[in-house]
Amino acid sequence: MIASYLAKTRESIERLATDPALHALLEEIGTALCRTLEAGNKILLAGNGGSAADCQHMAGELAVRFRKDRPALAGIALTVDSSVLTACLNDYGPLPVFARQVEALGREGDVLWAFSTSGNSANIIEACKAARRIGMKVLGFTGGQGGELARYCDWCFVAPSDSTSHIQECHITAGHLLCWFIEEHHFYT
């Protein structure tokens, strides 16, 4: 049972590790994120459940450090302000919970990094729509076939799996790769 689970993890990561199209996409995304940060813009991150934790994780890697000491980068997880989240849930319901924050914090030139393993999380789609109205770029991290999220993205990384846990494992791997890319290319080239 354990070996079977780990074999599925290995299969997803191997597909990520050996797919030239995914490599090219991640390089394109990394370059775009570097340009965003170099322009003085920020990266807002949104996701639900385990993806919310992934947002916090990536925001921490950006704001503090990934592997090297360097200046702080503007990465903000929209998943952590409990007062804003609960006020929005209470007053407006779950759909605009991230869209309201995008409207409040996002500016043209910023990037919304949206996580949805299914690609069909309604509140994530609403956040993407809000980002588009502002003139933000949208980076989607999803799985399976990409879901509806793919329609709203400038770049859509689709993890090579249909299993939520394996999608999330690929998301963390690709997210770490992007943090590494930013540190290497933004600060050391």
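Residues numbered from 1 in each chain as written. Predicted model: local features only at pLDDT ≥ 70, side-chain atom pairs only at ≥ 80, totals over all residues. Heavy atoms only, no water.

J.: Mind laying out the overall build of the protein chain, listing which residues take part and the relevant values?
T.: Along the protein chain, the regular secondary structure elements total seven helices and five strands. Seen in sequence order, the protein chain has helices and strands lined up from the N terminus as α-α-β-α-β-α-α-β-α-β-β-α. Taken over C-alpha atoms, the radius of gyration comes to 16 Å for the protein chain, in line with the 16 Å a tight globule of 189 residues would show. Dimensions of the protein chain, computed from the C-alpha atoms along their principal axes, are close to 45 × 40 × 25 Å. (Helix = DSSP H or I, 4+ residues; strand = E, 2+ residues; numbered from the N terminus. Rg over C-alpha atoms; globule rule 2.2 N^0.38 Å.)

J.: Explain the pairing of strand β1 (residues 43-46) to me, using residue names and the numbers behind them.
T.: The side chains of a regular strand alternate, first on one face of the sheet and then on the other. Burial along β1 is two-sided: I43 and L45 facing one way and L44 and A46 facing the other are all buried. Looking at chain direction, β1 and strand β2 (residues 75-77) are connected through three bridges and run parallel. Along β2, the bridge assignment pairs I43 with G75. The β-α-β motif built from β1, the intervening helix α3 (residues 50-63) and the parallel element β2 has right-handed crossover chirality. (Buried < 20%, exposed > 50% of the residue type's maximum accessible area, 1.4 Å probe, protein only. Pairing = 2+ DSSP bridges. Right-handed = clockwise from strand over helix to strand, strands pointing away.)

J.: Break down the sheet that holds β1 for me, with residues and values.
T.: In space, the five strands of this open sheet follow the order β2-β1-β3-β4-β5, with parallel pairing throughout. Each of the sheet's edge strands pairs with one partner strand only, and the pair in question is β2 and β5 (155-159). For this sheet, the mean inter-axis angle between neighbouring strands, taken without regard to orientation, is 15°. Running over the sheet, helix α2 (residues 20-38) touches β1, β3 (111-115), β4 (137-143) and β5 and is turned about 135° from β5. (Axes fitted to C-alpha atoms, helices over the stretch in contact; angles between N-to-C directions. Contact = heavy atoms within 4.5 Å.)

J.: Lay out α3 in plain terms, naming residues and giving numbers.
T.: Here α3 is 14 residues long and its end C-alpha atoms lie 20 Å apart, about the 20 Å a rise of 1.5 Å per residue gives. The set of residues buried in α3 consists of S51, A52, D54, C55, M58, A59, E61 and L62. (Expected span 1.5 Å × (residues − 1).)

J.: Tell me about the packing of aromatic side chains, and please be specific about residues and values.
T.: Under the criterion given, the structure shown has four aromatic pairs. Between W113 and F115 the ring centres are 5.4 Å apart and the planes differ by 20°, which places this aromatic pair in the stacked class. This pair shows no difference in class: W113 is buried, exactly as F115 is. Aromatic ring contacts, followed pair by pair, group W113, F115, F141 and F157 into a single cluster. (Phe/Tyr/Trp six-rings, centres within 6.5 Å; stacked < 30°, edge-to-face > 60°.)

J.: Go over the side chain of N41, please, and point to the residues and values.
T.: Within the secondary structure layout, N41 lies in the loop between α2 and β1. Engagement of the side chain of N41 in a polar contact is seen with the side chain of D110, the distance being 3.3 Å. Leave out the neighbours within four places in its chain, and N41 touches T36, A74, E108, G109 and D110. (Polar contact = N/O pair within 3.5 Å; in protein donor to acceptor, adjacent residues only side chain to side chain.)

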